[in-house]
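Each chain, written out:
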Amino acid sequence: MALQNFDESRFLDDFWQLKPLLIQQALPVYECPLSGDDLAGLACEESVESRVIQHKAGNWQLEQGPFTPEDFSKLPAGGWTLLVQRVDHWIPEVAELVAHFNFLPRWRIDDIMVSYATDGGGVGPHFDNYDVFLLQGSGRREWRLGQDCNDDTPLRSGSELKLLSEFQESSRHTLEAGDILYIPPGTAHWGTAQGDDCITLSIGFRAPSGAEILSRWSDEASAQFLESERYRDLPATLKQGNTLGPEHAEALRDLLLAKLDNKTLIKSFGELVTEAADDFGGHVSPSVPNDYGEVFRALDARLTLYQDDNDCILFANGCALDCKLHDFPKLRIICDLLPGERLADELWFTIRQECADIAHFLLSTGAICGDSDEPEL
């Protein structure tokens, strides 16, 4: 399942989160599993997040879905693009793409967004705060790469889209079907369809911000404080009289850092990185298959696992479960499954018989599903 014309070690050393990389014919025989009509059908569903962006006279206009067939019939011949989020949660053949990126942590993958564009269509000059691999599924798209950006980079005013007010082009690439362009966080980029029937699949890798990590950890840590655990005066703080000084800051830091243990920190982090990005996409209604029924990793399951000398914690879709250390090998197999991949019958039988709490956790969080739990639009 490895990408072609690609050196994983060199990529991780020299490019990952550092600079862009064009991988020509990374998937030379790739056949896009859906058409523009298929994508438009998804965009008509209320449970699917979608948007249309039109490019007119140097401006980009945004319209949010869901859409109707009539909406698409009113669009002009060119200059627009349809974007649909989390297509991998609905289309198994799209979800299979994650197998090509096993050199990166699975829990870092956010989703696979798919865009369909007519000639001249695109979303304008912008940058993202996450890593993305842009796979050209069909047609051709020109990508212009630009400057490094951050929170202080000027944006255009008067638009819902966060478009750059200035674009400083550094390179330009035209992608054909099977080509992949990697873009790290903060790199300005600008894609434009060259001709009709341009489909691009964006494999996005999210990372929580420092503010999100701190907020989630504080929720976890505050729940562990007893009512009696309060700020206490110390001789050094009392010497400050009616003023606050560095001694107070040190006392407060000691009080809070007492709760900064590995388990509290990793538990809050694991829940954060496995929860759904938003309210869209939770489409599986878990059911309990019988002992002989087939079970699969759900297409939208977010799973990871933590282990140290004392703890084993399983994370699934924003929830955490403390497990026994000897369960780690079994859980590792489940976490390594691809979306939609079947659990071996003997493994599921063992978990049901010996680890009923784990079985219930996986089913109740929707991380695994029975063979009758097909995605419902």
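Everything discussed here concerns the structure shown above.
Below you will find a few notes about this structure. (Residues numbered from 1 in each chain as written. Predicted model: local features only at pLDDT ≥ 70, side-chain atom pairs only at ≥ 80, totals over all residues. Heavy atoms only, no water.)

## A few points about the side chain of R216
Logical step 1: By the secondary structure assignment, R216 is in helix α5 (residues 210-222).
Logical step 2: On the accessibility criterion, R216 (19% relative accessible area) is buried.
Logical step 3: Those residues in contact with R216, other than ones at most four positions away along the chain, are S268, E271, L272 and E275. (Helix = DSSP H or I, 4+ residues; strand = E, 2+ residues; numbered from the N terminus. Buried < 20%, exposed > 50% of the residue type's maximum accessible area, 1.4 Å probe, protein only. Contact = heavy atoms within 4.5 Å.)

## Re the nonpolar core
Logical step 1: Within the largest apolar cluster, 43 residues are counted, with the highest numbers of intra-cluster contacts made by L3, F11, L82, F133 and L201.
Logical step 2: Elements supplying a minimum of two residues to this core: β1 (21-23), α2 (36-43), β4 (80-84), β5 (109-117), β6 (131-138), β9 (180-183) and β11 (198-205).
Logical step 3: Apart from the residues lying within four places of it in its own chain, the contact partners of L82 are L39, A40, A43, S50, R51, V52, F67, F72, V114, S115 and Y116.
Logical step 4: Within the second largest apolar cluster, 28 residues are counted, among which are L321, W348, I351 and A359. (Core = buried A, V, L, I, M, F, W, Y, C linked by side-chain atoms within 4.5 Å.)

## As for the state of the cysteines
Logical step 1: Counted according to the given criterion, the structure contains zero disulfides.
Logical step 2: Among the cysteines around C198, which has no disulfide bond, C32 carries the closest sulfur, lying 10 Å off.
Logical step 3: Among the residues examined, C198 registers a relative accessible area of 0% and is labelled buried.
Logical step 4: In this structure C312 is a free cysteine whose sulfur lies 5.1 Å from that of C323, the closest cysteine sulfur available.
Logical step 5: Residue class for C312 comes out buried when judged on its relative accessible area of 1%. (Disulfide = S-S within 2.5 Å.)

## Some words on the pattern of salt bridges
Logical step 1: Taken as a whole, this structure holds 17 salt bridges when the rule is applied.
Logical step 2: The residue R140 makes a salt bridge to E176 at a minimum N-O spacing of 3.0 Å. Here E176 lies in the loop between β8 (171-175) and β9 and R140 lies in the loop between β6 and β7 (141-148), a separation of 36 residues in the sequence.
Logical step 3: Between R342 and D345 there is a salt bridge, and its shortest N-O distance comes to 2.7 Å.
Logical step 4: Classification of R342 as partly exposed rests on a relative accessible area of 36%.
Logical step 5: Using a relative accessible area of 38% as the deciding quantity, one classes D345 as partly exposed.
Logical step 6: One salt-bridge network, held together by shared partners, links E142, R144, E169 and R172. (Salt bridge = Lys/Arg side-chain N within 4 Å of Asp/Glu carboxyl O.)

## A look at a nonpolar patch on the surface
Logical step 1: Together, L257, L260 and L265 make up an exposed nonpolar region whose accessible area comes to about 240 Å².
Logical step 2: Locating L265 in the fold gives a position in helix α8 (residues 262-274).
Logical step 3: You can call L265 partly exposed: its relative accessible area is 36%. (Patch = residues over 30% accessible without salt bridge, like charges linked within 9 Å, V, L, I, M, F, W, Y side chains within 5 Å. Areas by Shrake-Rupley, 256 points an atom, 1.4 Å probe, with all protein chains shown as cover.)

## Some points on the environment of L34
Logical step 1: Along the chain, L34 falls in the loop between β1 and α2.
Logical step 2: Separated by 108 residues in sequence, L34 and E142 place their C-alpha atoms 21 Å apart.
Logical step 3: When residues no more than four places from it in sequence are discounted, the contact partners of L34 are L39, V87, V94, V114 and I199.

## Some details on helix α9 (residues 328-335)
Residues three or four positions apart in an α-helix share a direction because the helix packs 3.6 residues into each turn.
Logical step 1: All of the buried residues along α9 are F328, K330, L331, I334 and C335. Seen end-on, α9 carries its buried residues on one side only, within an arc spanning 160 degrees. (Arc of directions from axis to C-beta.)

## Describing the packing of α5 against α8
Logical step 1: Their axes nearest at 9 Å, the elements α5 and α8 cross at an angle of 125 degrees. Between α5 and α8, the crossing angle belongs to the class labelled oblique. Pair α5 / α8 crosses with right-handed handedness. Judged by residue contacts, E212, I213, R216, W217, E220 and A221 of α5 engage T264, L265, K267, S268, F269, E271 and L272 from α8.
Logical step 2: Here the residues of the contact of α5 with α8 are counted per class, giving six nonpolar, two polar and five charged. (Axes fitted to C-alpha atoms, helices over the stretch in contact; angles between N-to-C directions. Parallel < 35°, antiparallel > 145°, perpendicular 65-115°, else oblique. Left-handed = near helix turned anticlockwise from the far one by under 90°. Nonpolar A, V, L, I, M, F, W, Y, C, P; charged D, E, K, R; others polar.)

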